[in-house]
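Fold and geometry: a report
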Amino acid sequence: MRPRPSWSLSAKRGRLYMATKQLYGDVIFEGSSAAMVDRKDVFGNNVKRLIIEGTAIRCNIPGINNRSYPKRIIEREMNRLIKDFVVRGRLAASLNHPRLGADGNAKDYPIFEMDLMSICALIEDLHMEGDDLKVRMVVMEETAAGKQLAALIRGGYHPGFSLRGAGSTINMGEHEEISDDYTMITIDVVGNPSFGQD
């Protein structure tokens with residue numbers, strides 16, 4: 001039997017969160033959530049949009065890539081992205097990061113560019129909750145990548161989020177830490193996020 005979605009309203013932020021229920025226990029999107037929400041499109045038409053949100057990175061601790069992201073740098077980059085891109089509707093997520101070659105150079109397109117062919121979602125909110133950078137995205141089901149992401153989510157896939165950025169790192173002994181020259185480019189939807197979402 002296919003799980004049926006159940007909805008609950010979060011009093012804290014006034015958002016709908018989806019959890020799937022099964023006969024043999026609960027399946028929960030840990031670290032992220034998905035919901036269908038009534039919206040107006042840019043032409044004023046009523047539409048239903050698939051909204052996903054969750055933790056993009058937990059600051060100050062190493063992720064599974066053995067790299068830590070200081071909160072002060074992530075907050076700086078978050079504020080820059082909000083001011084320069086989010087408020088203008090220009091920050092998008094790709095379905096997966098661009099592939100890199102063995103030499104570290106991008107194979108598909110430069111990592112600093114938004115490849116319009118791989119966009120799956122529009123990022124509409126970034127904010128900090130403690131040491132966590134939270135992201136909310138509208139899945140763009142009209143694009144090929146957005147349609148694929150929506151199908152995965154409806155099939156029970158748990159979306160993961162990962163920062164796409166560039167900069168040098170500092171060797172901290174047992175892990176690396178991003179340094180002040182770090183530039184956050186966007187947050188992509190990926191299959192294997194560097195932050196083990198719990």
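Quantities reported herein were computed from a predicted structural model and do not represent experimental measurements.

1. Thoughts on the sheet that holds strand E4 (residues 32-40)
- With antiparallel pairing, the five strands of this open sheet are ordered in space as E4-E5-E9-E8-E7. Strand pairing shows two members of the sheet lacking a second neighbour, E4 and strand E7 (92-94), which therefore form its edges. Adjacent strand axes in the sheet meet at a mean angle of 40 degrees when their direction is disregarded.
- In this structure, E7 lies alongside strand E8 (residues 119-129), joined through three bridges in antiparallel fashion. The residue bridging Ala-93 from the neighbouring strand is Ala-121, located in E8.
- On top of the sheet, helix H1 (residues 71-84) reaches strand E5 (46-58), E8 and strand E9 (132-139); it is set at about 130 degrees to E8, its chief contact.

2. Things to note about unusual backbone geometry
- Although it is not a glycine, Asn-60 adopts a positive phi angle of roughly 70 degrees.
- Assessed through its relative accessible area of 42%, Asn-60 is described here as partly exposed.
- Here Asn-66, not a glycine, exhibits a phi torsion of approximately 60 degrees, which is positive.
- Along the polypeptide, Asn-66 turns up in the loop between E5 and strand E6 (67-68).

3. Description of the pairing of strand E13 (residues 183-190)
- The buried count for E13 comes to seven of eight residues, which makes it a mostly enclosed element.
- As judged from the seven bridges shared by strand E10 (residues 160-166) and E13, these two strands associate in the antiparallel manner. In the strand pairing of E13, Arg-164 is matched with Thr-186.

4. Some thoughts on the nonpolar core
- If you look at the biggest cluster of nonpolar residues, it comprises 35 residues, and the most contacted ones within it are Ile-74, Leu-126, Leu-133, Met-137, Leu-163 and Ile-187.
- For this core, the elements supplying multiple residues, two or more each, are E5, H1, E8, E9, helix H2 (144-154), E10 and E13.
- At five residues, the largest contribution of residues to this core is made by E8.
- When neighbours within four sequence positions are excluded, Leu-126 is seen to be in contact with Met-78, Leu-81, Ile-82, Val-86, Leu-91, Leu-133, Lys-134, Val-135 and Ile-187.

5. Concerning the sheet that holds strand E11 (residues 169-171)
- As summarised here, the arrangement of the three strands in space is E6-E12-E11, forming an open sheet in which the pairing is mixed. In the strand order of this sheet, the two ends are held by E6 and E11, each with one partner.
- Judged from the three bridges that link them, E11 and strand E12 (residues 176-178) form a sheet pairing that is antiparallel. When the sheet's bridge partners are listed, Ile-170 is paired in E12 with Glu-177.

6. Quick notes on H2
- Listing the buried residues of H2 in full gives Ala-145, Gly-146, Leu-149, Ala-150 and Ile-153. The buried residues of H2 occupy an angular sector of 135 degrees when projected down its axis, which confines them to one face. More than 90 degrees from the buried face of H2, the exposed residues found are Ala-144 and Lys-147.
- Buried residues along H2 sit against E4, E5, E8, E9 and E13.

Rules used throughout
Residues numbered from 1 in each chain as written. Predicted model: local features only at pLDDT ≥ 70, side-chain atom pairs only at ≥ 80, totals over all residues. Heavy atoms only, no water. Pairing = 2+ DSSP bridges. Helix = DSSP H or I, 4+ residues; strand = E, 2+ residues; numbered from the N terminus. Axes fitted to C-alpha atoms, helices over the stretch in contact; angles between N-to-C directions. Contact = heavy atoms within 4.5 Å. Buried < 20%, exposed > 50% of the residue type's maximum accessible area, 1.4 Å probe, protein only. Core = buried A, V, L, I, M, F, W, Y, C linked by side-chain atoms within 4.5 Å. Arc of directions from axis to C-beta.

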